[in-house]
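# Chain and residue survey
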Amino acid sequence: MIRNEEIRTHVLRCLALFLFLTVAGTAALGDGETAPARDAKQPVDDAYTAKIKKYTTQPFFTSPLVDYLPASKTVPTPEAVLGDVAGAPGILPYAEDVYKYMRLLEKASPRVKVFSIGKTEEGREMIAVAVSSPENLKNLEANRAQLAKLADPRTIKLDDAEADRIVAQAVPVYYITGTIHSPETGAPTALMELAYRLAVDESPYIREIRDGMITLITPVVEVDGRDRMVDIYHWHLSHPKDFYPPLIYWGKYVAHDNNRDAMGVTLKLTENVLNTYVDQKAQVLHDLHESVPYLYDNTAGDGPFNAWVDPILTDEWEMIGWRNVSDMTKFGMPGVFTHGVFDTWSPGYLMFIAAMHNGISRLYETFGNGGADTLPRTLDADEYSRTWYRQNPPLPKVLWSQRDNNNYEQTGLLTSLHYFNENKRLFLKNFYLKAKRSVTKPGAEGPSAYVLPADDPRLGSQAELLRVLQKQAVEISRATAAFSVTLPAKKSAKPKKDAKDVKDTPPAPTTREFPAGSYIVRMDQPYSRIADALLDYQYWSPDDPQKTPYDDTGWTFGELFGVQVTRVVDSKVLDVAMEKVKEIRAPSGVSGESTIYAINNNAEPSLATLRYKLHDASIEAAEEPFESGGKKFSRGSFLIRNATRAQLNDAISNLGLQANPVSAMPSVKTHPVRAARIAFVHTWLSTQAEGWWRIALDNLGIPYDYISTQTISKASDLNAKYDVILFPPVGFFSGPTAIINGLPSAWGNPLPWKNTPETPNLVGKNDSTDDMRPGLGWEGVANLQNFVAKGGVLLTATDTSRFALSIGLADGVSVGNAQKMKIVGSVVGTRLVDGASPIAYGYDEKLSAYCDNGPIFSLSSVSGARSGRRLGAESRTRPTGRGTMDDPDFTIGRPGTEVPDEPKSEIWENPLLTDEQLHNNFRVIPPANRARVIFRYADSKDLLISGLVEGGDEIAQHPAVVDVPTGNGHVVLFSINPVYRGETRGTYSLVLNTILNFDSLNAGRKLAEK
Ligand SMILES: [Zn+2]
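All values reported here derive from a predicted model rather than from experimental measurement. (Residues numbered from 1 in each chain as written. Predicted model: local features only at pLDDT ≥ 70, side-chain atom pairs only at ≥ 80, totals over all residues. Heavy atoms only, no water.)

Moving on, we come to the overall build of the chain. Counting its secondary structure elements, the chain contains 28 helices and 39 strands. For 1010 residues, the compact-globule estimate of 2.2 N^0.38 gives 30 Å, and the chain sits close to it at 31 Å. Over its C-alpha atoms, taken along the principal directions, the chain stretches across nearly 110 × 75 × 70 Å. Scored against the burial criterion, the 1010 residues of the chain give a buried share of 60%. At a minimum sequence separation of 6, the contacts of the chain that also span at least 24 residues come to 81%. Counting only carbon and sulfur atoms, one obtains 52% of the accessible surface of the chain, whose full area is about 40,100 Å². Looking at charge distribution, the chain has the averaged site of its 107 positive side-chain charges lying 2 Å from that of its 121 negative ones. (Helix = DSSP H or I, 4+ residues; strand = E, 2+ residues; numbered from the N terminus. Rg over C-alpha atoms; globule rule 2.2 N^0.38 Å. Buried < 20%, exposed > 50% of the residue type's maximum accessible area, 1.4 Å probe, protein only. Contact = heavy atoms within 4.5 Å. Areas by Shrake-Rupley, 256 points an atom, 1.4 Å probe, with all protein chains shown as cover. Lys, Arg positive; Asp, Glu negative; His and termini not counted. Charge placed at Lys NZ, Arg CZ, Asp CG, Glu CD.)

Set out below in structure tokens:
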């Protein structure tokens, strides 16, 4: 039976089809599909349409969906705010203007609703705009309640029939996010116009989208960065002949990495988008980027795919991605492709929020000009080459406009929305199935749960890890009684073929007890997938055909947070008595009254927070372990005086620390723990890597002066102001010369980074300069040298360690070049070498750390000498001659001579010196000045914890953290990156210990004899 409404629709569809075929000529539609084109009756805004045409540089850079603008008598077009059409040259709106327009739309149309979704670090608003039919918007809450049942199948008792009833009626939500990457500037205007089209166009193709689904739009994700970018663009417009400053800051903390935060959820923008995605029960998260010609839909990327995504999703990627390419190819638009080079391993990308929460993640790379100028664009051969996945490649050279980019973005999105709507029942069902498969995970692939024990010595860091999971919408439970689970037998190493003592009995499963209060992350919950992905281990085979991982290969959160996480397969764990936890509170407190309190040191970053909170208290660190009141305290434990119980209680609350009254100071040696005055140094080359350090210190409440290398170059007496200089990694392959020289300044114009009436948003709460170009300079080098010579502590990591060594700031350490080593953002094992060093306070023998092809340090006891053959096999064998390996050789005619035992040292030790080397050698570094290795990389076989380690023997056993006494001060060098993306809390204390013990770093040092 066909209802009238359907007949009318059918007639309209046929009419539209006829029109479309007349216009587009080449496109063929499947049976019953609506033509992607304007309805003949749809009034057009002629003036606006003429401008679209004018700003589109080639007739094939557009489509019948966007080559006109529908007219409306009541709803304002983007021109109302922009003063021109979306994508017009020279026009880049601030977020505020984009919001103003979206709110005008909301006011003028019952089909638009604007929500505030939170604030950025600098206090700017983030919004989401819903566009749909008035009925859908009226039923938003009721519909959301329906979608919530699909999102959490436990609420309908996993009843497939009930799910089908909901699937048949519910209206899906498709969430689009724009401009997370601030120099990728086109999305806001494209999304303004898209919202307008969806709100006013009466063509069947658009009406079906509007009536059939809810399009949710966050036009600007990185709002702070957007406003800076618009400032820069305005500066460029008013200084057209000058070079304009590169966008050194995007958000307050990080730049491009803002799209790598979906694991740690450290940034507000991630949290706000994640909450919106989860709260609105959206099915898709589609993030817009602009760095590949002309539209790379990397929805379906290259392998390896993330192991924790549901194969249902990977099939959806392929369906949606290829269909999108096909649709746009039919429009005659060149350069639209999918697959490409992006691998889908890391879940750190913003769009991956959907992949990890049972939805569909999508990402577009369109082609942006980094502003609104129309520019000639010349491509590299690999960009316009025809490949199996890009049969219709972009052109080698074109004139490209922001409007072209907006045409591609909108066309891609409209065809996507339409295709999604046509198949929404399938996608809604899949949404349910993915959630259901998450809930039934324990009985399927497992595990049943992860357990974080109540007796973990690092309850503060444990709480932080659990809070990350809560931000990810993962439910956390807590055991109300002690319980035990069976852990599977550890696989023993394969017995050797001829081994005589092969045991007949295979290793047995073990039982593990967990105390009451242990946290249980159940895997029978809808968002078990993300918890599993974060807590599990990753293995990227060196033999994987993918040789260029797109991002990190390992991230195991328990390892990087330095807390115990047990993967439990045993399903009995789900029956343990437990309660859901709303707020994670790390147990903290003061257990009695005294004039002296002791806090055990377990390398909890919150110890540093406490030191800075208790300004007036005197705090000492114990240099050796001690016992008091039946409690054991490790090296570095705090002994606090001049603080009342109330003050201490107040300062300690929620830090996960326990203060114990002690009757007297222990007899072990102690030294003061002081709140060091910190300079935090950045370059004007890149601020991204250091941004992760800044956010970590800010979150811990540790104050610092944020200064640039330019400030260092002018500060001749750094010691007067600072005790410790932190010089975190620069990133972006910045070598020592770049740090010293800065950007080229022999030509060109100054590049100011300053707030002016023209650029009111540049600085925010960060740094400013009249000219970004000058670097540290040789004066700066001298000032740093002076600072260390006079007793200051300089801390460097990865590339700044290379820098410090290359300018001779630390003697006895050299950096080798990796030959075959490939450690791509992995978790690696390190080993404690010198537990008496304050830098190691609170740490155990084994420590997992983040490493990304860290510099390979080698030690020498002779100044200026590179220790030989540290890479590869050492030649320590006897010379060729008679006898066996250990026999002495002989010379005919005289008795054989024994070769003297040469001093031998391990790779992480200062090489012992022979008499020969010691004889009148002014280059020999006195023992007290030699490098002190605190942590080394693990042996080759133990190096890989998670991710990819290839050729690891090149760095195995080499120093990972070294303290080099220099003059009266110290240079502390890191090969690992201890502070990274909010994921590495377990290694923060290596930095914090250096800060707190800056004037006692030699504590516990044992010196070599010669
Ligand atoms: Zn991007």
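Further notes follow.
With respect to the helices and strands, Thr-683 occurs in the loop between β26 (678-682) and α22 (688-700). Judged by relative accessible area, Thr-683 falls into the buried class, the value being 3%. Only 3.1 Å separates the side chain of Thr-683 from the backbone nitrogen of Leu-685, close enough to count as a polar contact. Those residues in contact with Thr-683 that sit more than four places away from it in its chain are Ile-248, Thr-709, Phe-727 and Val-730. (Polar contact = N/O pair within 3.5 Å; in protein donor to acceptor, adjacent residues only side chain to side chain.)

Each protein donor to the zinc ion is listed here as His-181 (ND1), Glu-184 (OE), Glu-184 (OE) and His-289 (ND1); together their distances run 2.1 to 2.4 Å. Taken together, the four donor atoms coordinating the zinc ion and their angles of 55 to 150° define a geometry best described as irregular. (Donors = N, O, S within 2.8 Å, 3.2 Å for Na, K, Ca; no water. Tetrahedral: all angles 85-135°; square planar, octahedral: opposite > 155°, others 65-115°.)

Turning our eyes to something else, we now look at the confidence of the model for the chain. Looking at the chain as a whole, its pLDDT mean stands at 93, while 94% of the residues score no less than 70. Counting interchain partners and residues more than four positions distant, the pLDDT-below-50 stretch residues 1-27 has 25 contacts. (pLDDT = per-residue confidence, 0-100.)

A few words on helix α17 (residues 459-471). Taking 1.5 Å of rise per residue, 13 residues should cover 18 Å, and α17 covers 18 Å from first to last C-alpha, within 8% of that figure. Taken together, the buried positions of α17 are Leu-459, Gly-460, Ser-461, Gln-462, Ala-463, Leu-465, Leu-466, Val-468 and Leu-469. Buried residues along α17 sit in contact with β11 (449-452), β12 (476-479), β15 (519-522), α18 (528-535), α19 (557-561) and α28 (985-996). Immediately beyond the C-terminal end of α17, within one or two residues, lies Ala-473, with a positive phi of roughly 70°. (Expected span 1.5 Å × (residues − 1).)

Taken together, the five strands give an open sheet; going across it, the order is β16-β11-β15-β12-β17, and neighbouring strands pair in antiparallel fashion. Of all the strands in the sheet, the pair left with one neighbour each is β16 (566-568) and β17 (578-581). In this sheet, adjacent strand axes meet at a mean angle of 30° when their direction is disregarded. Sheet topology places β12 next to β17; four bridges connect them, and they run antiparallel. Bridge pairing in β17 places Ser-477 opposite Lys-580. Packed onto the sheet, α17 meets β11, β12, β15 and β17 and runs at close to 25° relative to β15. (Pairing = 2+ DSSP bridges. Axes fitted to C-alpha atoms, helices over the stretch in contact; angles between N-to-C directions.)

The subject of this paragraph is the environment of His-958. Tracing the sequence through the fold places His-958 in the loop between β37 (949-950) and β38 (959-966). Along the backbone, His-958 and Ile-707 are 251 residues apart, and their C-alpha atoms lie at a distance of 32 Å.

The next thing to look at is the nonpolar core. Ranked by internal contacts, the top residues of the largest apolar core, which has 152 residues, are Met-102, Leu-150, Tyr-408, Leu-469, Val-521 and Phe-557. At nine residues, helix α8 (residues 187-200) tops the list of elements feeding residues into this core. The residues touching Tyr-408, leaving out its near neighbours within four places in the chain, are Phe-60, Phe-61, Tyr-294, Leu-295, Met-328, Met-333, Pro-334, Val-336 and Trp-400. Counting residues in each nonpolar core, the second largest holds 84 residues, with Tyr-597, Ala-643, Phe-680 and Tyr-706 among its members. (Core = buried A, V, L, I, M, F, W, Y, C linked by side-chain atoms within 4.5 Å.)

Spatially, the six strands line up as an open sheet ordered β18-β24-β19-β23-β20-β25, and their pairing is mixed. Edge positions in the open sheet fall to β18 (589-590) and β25 (670-672), since each of these has one partner strand only. Pairing of strand β20 (residues 618-622) with strand β23 (residues 638-641) involves four bridges; the strand directions are antiparallel. Its bridge partner lying in β23, Ile-619 is registered against Ile-640.

Take the environment of Gly-792 next. For Gly-792, the location among the structural elements is in the loop between α25 (777-789) and β29 (793-797). A residue is classified by how much of its surface remains accessible, and Gly-792, at 2% relative accessible area, is buried. Taking the C-alpha atoms as reference points, Gly-792 and Pro-927, 135 residues apart in sequence, are found 20 Å from one another. Beyond its immediate sequence surroundings of up to four residues, Gly-792 is in contact with Asn-719, Asp-723, Phe-787, Gly-969 and His-970.

The next thing to look at is unusual backbone geometry. For residues that are not glycine, phi is negative in most cases, and the peptide bond is trans in most cases. Of note, the amide linkage connecting Gly-303 to Pro-304 takes the cis form, showing an omega dihedral of -5°. Inspection of the secondary structure puts Pro-304 in the loop between β6 (295-297) and α12 (311-330). Backbone torsion omega between Gly-446 and Pro-447 reads -5°, so that peptide bond is classified as cis. As for its position among the elements, Pro-447 is in the loop between α16 (424-439) and β11. One non-glycine residue with positive phi stands out, namely Lys-281, at about 55°.

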